[in-house]
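Here is how the chains run, residue by residue.
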Amino acid sequence: RVLSGRPRDLAGRKVVVSAGGTREAIDPVRYIGNRSSGLQGYALARTAAARGAEVTLVAANVALPDPAGATVVRVESTAELREAVLTAAGAADVVVMAAAVADFRPATRSDSKIKKSDGGEPEPIRLATNPDILAELGERRTTPSQVIVGFAAETDDVLANGRAKLARKGCDLLVVNQVGPGLAFGTPDNAATVLVAGGEPVEVPRGPKEDVADAVWDLVAARLG
Ligand code: CTP
Ligand code: CA
């Protein structure tokens, strides 16, 4: 895709984007993971770079080539993603959490491969709750003007759930994906409603993930002033 013709309205801005999905180890060969492809996060990183930003992309388990003009930090677990994002957030004007973060991890990780015992039932895997990175970012903005952006896939009362999540996480923008056939996971297209703290929601019709990305950067640029 041709990325020319965009405004350079993020020139001199440092942005951090997380992408992909975290994996939580059960033992040396197995993990709990999710289906996030990283396509939306990569589209955000590409378009931000095209609009002049200095981009750090924190990529969790993504099988995509590094986007031109971004510094890529590869991570696997939620703990690693949290460390990389919070470190990069220190000097950032904008942080976008597009990664699908595992809500839970195995409470303990086995150092050796778990074996089938002689026909017996397996031990249950006890889970522990992961830290909420987006909520942490919202709580401890490094500057009052830092812009924090979250993503959410909601069903049922999508707008009410999204509004509640925006408030709970203390973020400026929340991109609510419409979950449906041919949308979201692993597809090049997306459709979204961007909820804005203290403002009216913006609808992005179904189209390439770059369209959602550009709508986010338009709103971010307006907030940065
Ligand atoms: N997120 C995060 N840390 C977590 C979980 C989620 O930073 N431990 C971020 C995601 O990257 C996303 C946003 O929070 O930007 C919303 O994720 P979502 O899974 O929709 O929110 P949850 O608070 O986990 O709520 P739910 O129970 O609906 O999964
Ligand atoms: Ca979640």
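Every chain begins its residue count from 1, and numbering advances along the sequence as written. Just so you know, chain letters begin at A and ligand numbers begin at 1, following the order they were written in. The model is predicted, so local features are restricted to residues of pLDDT at least 70 and side-chain atom pairs to those at 80 or more, both for listing and for counting; the totals for chains, interfaces and linings are taken over all residues. With hydrogens and water excluded, all non-hydrogen atoms of the structure serve as input to the side-chain values.

Throughout this description, the term nonpolar core refers to a set of buried Ala, Val, Leu, Ile, Met, Phe, Trp, Tyr and Cys residues connected via side-chain atoms within 4.5 Å. Burial classes follow relative accessibility: with a 1.4 Å probe on protein chains only, a residue under 20% of its type's maximum area counts as buried, one over 50% as exposed, and anything between as partly exposed. Counting 37 residues, the largest nonpolar core has L44, W217 and V220 as the members making the most contacts within it. In this structure, V16, A84, V85 and A99 belong to the second largest nonpolar core, which totals 23 residues.

Another aspect to go through is helix α2 (residues 78-89). Between its first and last C-alpha, α2 extends 16 Å over twelve residues, near the 16 Å set by a 1.5 Å rise per residue. The secondary structure listing takes helices from DSSP runs of H or I that are at least 4 residues long and strands from runs of E that are at least 2 residues long, numbered from the N terminus. For α2, the complete set of buried residues consists of T78, L81, A84, V85, L86 and A89. Note on contacts: a residue pair is in contact if any heavy atoms of the two residues lie within 4.5 Å. In the core, the buried residues of α2 are packed alongside β1 (14-20), β2 (24-27), β4 (54-60), β5 (70-75), β6 (94-97) and α3 (133-139). Expected span, for any helix, means 1.5 Å times one less than how many residues it has.

Those places that UniProt annotates as "binding site: CTP" (unreviewed entry) correspond, in this numbering, to D103, K113, P131, D132, I133, L134, F151, K165 and K169. The greatest C-alpha distance among the residues just named is 38.0 Å, and with 67 residues of sequence between them they are spread in space as well. Mapped onto the fold, I133 is located in helix α3. Those residues in contact with I133 that sit more than four places away from it in its chain are T78, L81, R82, V85, M97 and V101. You can see F151 is positioned in strand β9 (residues 147-154). Residue class for F151 comes out buried when judged on its relative accessible area of 17%. Beyond its immediate sequence surroundings of up to four residues, F151 is in contact with Q40, L44, V96, M97, A98, L174, V175 and N177. UniProt positions are given in the numbering used here, feature names are shortened, and annotations may be inferred rather than shown by experiment.

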